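# Examining the three-dimensional arrangement
Chain by chain, the residues run as shown.
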Amino acid sequence: MSARASMLSKLRACAPATAPDMPDVAGYYAGRPASTQAERVERLRAELTASHADVHVVSHAGWAGAVAQLLHAQGVRRLVRQSGAPGDSLARALPPALQASEFGRPLDEWKAELFEQVDAGFTVADCAIAATGTLVHLCGPHMPRTLSLVPPLHVVLIDAERIYATLFEAADGERWAARMPSNLVMLSGPSKTADIQQTLAYGAHGPARLCVFIACEQGEAA
Amino acid sequence: MSKHPMQFVPTADFKERARGALDDDKLRKSFRGAMDFLQAKRRNQFSDEHERESLRDLGSAIRKYALARLPDLLEELESKLTRNGIQVHWAENAEEANAIVLDIMRRNQARRMIKGKSMASEEIELNHYLAEHGMECIESDMGEYIVQLAGEKPSHIVMPAIHKNKADVAKLFEENIPDTPYTEDVDELIQTGRRALRRHFMEADVGLSGVNFAVAETGTLWLIENEGNGRLSTTVPPVHVAIMGMEKVVAKLEHVVPLVSLLTRSATGQAVTTYFNLISSPRRSGELDGPREVHLVLLDNGRSQAYADEQLRSTLQCIRCGACMNHCPVYGRIGGHAYGTTYPGPIGKILSPHLLGLDEAGDLPFASTLCGACSEVCPVRIPIPDLLIRLRNEAKRNPNETVATPLRGQGAKHSAAERVVWQFWSGAFKSPKAWKALRWGATRLRAFTPGAQAGWTQHRTPLKPASRSLHDMLKDRDQPE
């Protein structure tokens, strides 16, 4: 008998005849007070800041300039950006000395380059979760998995309209269960560890710095 | 070598190791500091008692539901993962699981493995096995990397190097990593670890990880971490192998939502960890990175024994947060290594007897004061003290007795003499005449009580019957008994 058949038959032999009712997760999270967009922006900002991220609330017109300023101030020489319209807008706002390219090729062809020469990655979050200060990335053809992970500085743009209050609302509202990408990543701050004597240190294996730009109507122009 | 070449120390020496740990002041200090820190952090996360208790109810119901439907959910998980392009393997024991991983490496002409944190891989002693077959295995979680450099094993399931202080790590790095001067600056130490491991992520042929939750509905592996090493291990190498205990499946994606909240808050007192990594497929056409192959190994290794018994099944509700050990007065004093098992602390005491047998792990259910701190903090309400008592009874049971759901190593702690004492005691209690005779004898013959009473008199004065029984004294005062 195969391991599979043997394991399943052992379990089937003693599994209860009837399962309890399906737990009502939606019911548990129902009836929470609704929040306004301004509240969600503020909560996202506060939680991300508490997790050691730099957060900037900017206007739709001004975000590219603000990101360009930050990259310049950080001394970034080489940036890799997510392909798409926001990345193109950012490229136009960057000073010519700053080399900004799209991810472009399969990682296998330039792994060492990404690990050793790229200073920063720019991505656009699909949505965000205010309660825990979390940015959601749906990885796919236009969102490489490593772009938010390998470069030491990660810059994220998030539209204020796309902020949910909680993880449950995001998963429900975005219908994740029906359309899971190959890799869905939620990130809530720069990489960190407390593995040495419970002392918190940043930049363990992922980005040491996370800069978040929340674009909204009320945001400051750069 | 024994039948369990995987086990790095025999659990049979538990008492001796516990004594050694109690005498180790530095170890005691490391654990006391860590326990206080983790307890306070958890407490801060659960300040609203009503919210905490209702969330625990929900978490417990979700895990119970998943276990009740476990065989169905495993089949659903397998079919959804397969549809998504992830290859599923089934392993009844450690040997099978190790052979599956080795086979995947060989088929890919792989030599180098980078590992994210996985307790299941510790349980099957994968590193040891692969090293014997000429494979290089590097642990990349900072804590795991530290214990690997030291040639040790994790002493905690969430914080593997919890027994080490920064001076230990400073010395270890200075001795083992080229061009590393001694420093106790934790930021510098972490940067040293980061630099040392970077090359391994790039060069590894295979990445291995554990799994926190597997979602049957969508065919998704949900991984939780702070460092980013888990994401690197599952993203950069061309092949990703995940390994998980077969009980970790849940029915619906939404079921993970309350469970992750319970897990991160109970484990490290964080509302959320830095990364939630939800893997549903290998690199798809048009994608520029991610592994080309993803495998999942489903591991039984004794879990089906716990599953077979309705009471013991609740052991498998566990989501591996480690809160039970963080709050355990025994674990806090002897640390993780004294247990000699992959899973230490209260969860280890109720799980290890199924993985190793009561003959190997029979001391562990007795190493408890039954204070109940573990079940009070358990996010999924596992009744740990009840299970400890049950396992004690199974360890004491006559090995030849036939029971409905026999445990491996039944009767490992059986003692005929002890059985006789209990029979005598219960006989004396059952009959008023016998009880009266015993009372009469005990009060008259008290002078013959031995001064040395096994373990009791090691730290206490000997027990001696009183000259008059309570019964007699009440009779004198004309009180009803």
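So, here's what we can say about the structure. (Residues numbered from 1 in each chain as written. Chains lettered and ligands numbered in written order. Predicted model: local features only at pLDDT ≥ 70, side-chain atom pairs only at ≥ 80, totals over all residues. Heavy atoms only, no water.)

## Describing the nonpolar core
- Judged by nonpolar contacts, the single largest core of 84 residues is most densely connected at A:W176, A:M186, B:F213 and B:W222.
- The element contributing the most residues to this core is helix α12 (residues 253–268) of chain B, with eight residues.
- Setting aside residues no more than four positions away along its own chain, A:M186 makes contact with A:I129, A:T134, A:L135, A:V136, A:L167, A:W176, B:W222, B:T274, B:Y275, B:F276 and B:L278.
- Listed in part, the 36 residues of the second largest apolar core include A:V118, B:Y145, B:A170 and B:M202. (Core = buried A, V, L, I, M, F, W, Y, C linked by side-chain atoms within 4.5 Å. Buried < 20%, exposed > 50% of the residue type's maximum accessible area, 1.4 Å probe, protein only. Helix = DSSP H or I, 4+ residues; strand = E, 2+ residues; numbered from the N terminus. Contact = heavy atoms within 4.5 Å.)

## Here we look at the side chain of A:H154
Residue and element names in this part refer to chain A.
- Looking at the secondary structure, you find H154 in strand β7 (residues 153–159).
- Taking the relative accessible area as the measure of exposure, H154 reaches 1% and is therefore buried.
- Only 2.8 Å separates the side chain of H154 from the side chain of T123, close enough to count as a polar contact.
- Beyond its immediate stretch of four places on either side in the chain, H154 contacts G121, T123, H137, L147, S148, L187, P207, R209, L210 and C211. (Polar contact = N/O pair within 3.5 Å; in protein donor to acceptor, adjacent residues only side chain to side chain.)

## Considerations on the interface of chain B and chain A
- Taken together, the contacts link 94 residues of chain B with 74 residues of chain A.
- For the pair chain B and chain A, the two sides together bury roughly 7,200 Å², of which 62% comes from carbon and sulfur.
- The three residues of chain B that bury the most area against chain A are B:M202, B:R231 and B:L288, which together make up 10% of that side's buried surface.
- For the pair chain B and chain A, the number of links is nine salt bridges.
- When the shortest N-O distance is used, the salt bridge between B:E75 and A:R4 registers 3.4 Å.
- Applying the counting criterion to the chain B and chain A interface returns 39 residue pairs in polar contact (both at pLDDT 80 or more).
- With ten residues, the top contributor of residues to the side of chain B that touches chain A is helix α10 (residues 186–203) of chain B.
- Sheet topology note: the strand β9 (residues 183–187) of chain A/strand β9 (residues 275–279) of chain B ladder contains five bridges and is antiparallel. If you follow A:L184 over to β9(B), its bridge partner there is B:L278. (Buried area = accessible area lost by both parts, 1.4 Å probe. Salt bridge = Lys/Arg side-chain N within 4 Å of Asp/Glu carboxyl O. Pairing = 2+ DSSP bridges.)

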